[in-house]
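Remarks on the overall topology
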Amino acid sequence: KAGVTQTPRYLIKTRGQQVTLSCSPISGHRSVSWYQQTPGQGLQFLFEYFSETQRNKGNFPGRFSGRQFSNSRSEMNVSTLELGDSALYLCASSLAGGVQETEAFFGQGTRLTVV
Amino acid sequence: SQQGEEDPQALSIQEGENATMNCSYKTSINNLQWYRQNSGRGLVHLILIRSNEREKHSGRLRVTLDTSKKSSSLLITASRAADTASYFCATERGGSQGNLIFGKGTKLSVKP
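Quick caveat, the model's predicted, so the values are computed rather than measured.

1. A few points about the overall build of chain B
The secondary structure content of chain B amounts to 0 helices and 11 strands. A compact globule built from 112 residues should have a C-alpha radius of gyration of about 13 Å, and chain B, at 13 Å, falls within 12% of that. Overall, chain B is about 40 × 30 × 20 Å in size when its C-alpha atoms are taken along their principal axes. For chain B, buried positions account for 48% of its 112 residues. For chain B, the share of sequence-separated contacts (at least 6 apart) that also reach a separation of at least 24 residues comes to 54%. When the accessible surface of chain B is summed, it comes to about 5200 Å², and 45% of that surface belongs to carbon and sulfur atoms. Taking the average place of the 15 positive charges on the side chains of chain B and the average place of its 10 negative ones, the gap between the two points comes to 4 Å.

This is how it looks when you write it as structure tokens:
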């Protein structure tokens, strides 16, 4: 069974640009969540998508957005990049949607550097 | 804000020794999970313990949960150099499986 795939693995962008990151969840998983990891703030929740709908949203500015497609693949977009957006962006997929507790499976992440 | 806070922030031990990491959280939980992260890579799920469980084992891992103290501990027995990684506890925000709150993690270094 293929794991969670994130592309690209590494990205360098200039301040003011925008970026789109992609995440392909494990087959059959309908929930995709995004997290930002920085040395200072640690792992912070960005948003969760379930069946193409944003179900939860973290405390990030509107420059951070996402979407989910009918095949559960998800993208997140960051517009008007700032230096502070440099981070490891992690995507996680899970079965979710039910009462059964289940683990989240994480991708290897996309390392974004804003210069 | 961080729900879980791990302690210690860093731990250095010799191969063969046991490693214990602690996690405290603030609100009531359905379950608590532990994850491992090798340097700059994705997180790997280690174990999930439900709020009505007090202890759980998985291989060399032992997790305890004390809901009255809002704390959990992860014990790795007979550690190996390959256990070198950061370890995070996580709880679900608002009971949502897709919305995890992570602590800042314990960085474990196991010296051969």
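Now that the structure has been shown, we can carry on.
2. Notes on the overall build of chain A
The helix and strand tally for chain A stands at 0 helices and 11 strands. For chain A, the N- to C-terminal ordering of α and β elements is β-β-β-β-β-β-β-β-β-β-β. Over its C-alpha trace chain A gives a radius of gyration of 14 Å, about what one expects of a compact globule, namely 13 Å for 115 residues. Along the three orthogonal principal directions, the C-alpha set of chain A runs to about 40 × 25 × 25 Å. Relative to its 115 residues, chain A shows a buried fraction of 50%. Relative to all contacts within chain A whose residues are 6 or more apart in sequence, the contacts with residues 24 or more apart total 54%. Here chain A has roughly 5500 Å² of accessible surface; of this, 48% comes from carbon and sulfur atoms.

3. Side note on the interface of chain A and chain B
Often, the extent of an interface is quoted as the loss of accessible area on bringing the components together. Taken together, the 25 residues of chain A in the interface contact 22 residues of chain B. Around 1900 Å² of area is buried between chain A and chain B when both sides are counted, 42% of it from carbon and sulfur atoms. For the pair chain A and chain B, the number of links is 0 salt bridges. Summed over the shared surface of chain A and chain B, the number is 5 residue pairs in polar contact (both at pLDDT 80 or more). For the side of chain A that touches chain B, the secondary structure elements donating two or more residues are β4 (31-38), β5 (42-50) and β9 (87-94) of chain A. Considering every element that reaches the side of chain A that touches chain B, the biggest residue donor is β4(A), with 4 residues.

4. Observations concerning the sheet that holds strand β3 (residues 19-24) of chain A
What links the strands of a sheet is backbone hydrogen bonding, and the strands pair in either a parallel or an antiparallel sense. Residue and element names in this part refer to chain A. One open sheet holds the 4 strands; their spatial order is β1-β3-β8-β7, and the pairing between them is antiparallel. Bordering the open sheet on either side are β1 (5-7) and β7 (64-68), each of which pairs with just one other strand. For this sheet, the mean angle separating the axes of adjacent strands, direction not counted, is 15 degrees. With 5 bridges joining them, β7 and strand β8 (residues 74-78) adopt antiparallel strand pairing. Pairing of Ser 65 across the sheet is with Asn 77, part of β8.

Rules used in this analysis
- Residues numbered from 1 in each chain as written.
- Chains lettered and ligands numbered in written order.
- Predicted model: local features only at pLDDT ≥ 70, side-chain atom pairs only at ≥ 80, totals over all residues.
- Heavy atoms only, no water.
- Helix = DSSP H or I, 4+ residues; strand = E, 2+ residues; numbered from the N terminus.
- Rg over C-alpha atoms; globule rule 2.2 N^0.38 Å.
- Buried < 20%, exposed > 50% of the residue type's maximum accessible area, 1.4 Å probe, protein only.
- Contact = heavy atoms within 4.5 Å.
- Areas by Shrake-Rupley, 256 points an atom, 1.4 Å probe, with all protein chains shown as cover.
- Lys, Arg positive; Asp, Glu negative; His and termini not counted.
- Charge placed at Lys NZ, Arg CZ, Asp CG, Glu CD.
- Buried area = accessible area lost by both parts, 1.4 Å probe.
- Salt bridge = Lys/Arg side-chain N within 4 Å of Asp/Glu carboxyl O.
- Polar contact = N/O pair within 3.5 Å; in protein donor to acceptor, adjacent residues only side chain to side chain.
- Pairing = 2+ DSSP bridges.
- Axes fitted to C-alpha atoms, helices over the stretch in contact; angles between N-to-C directions.

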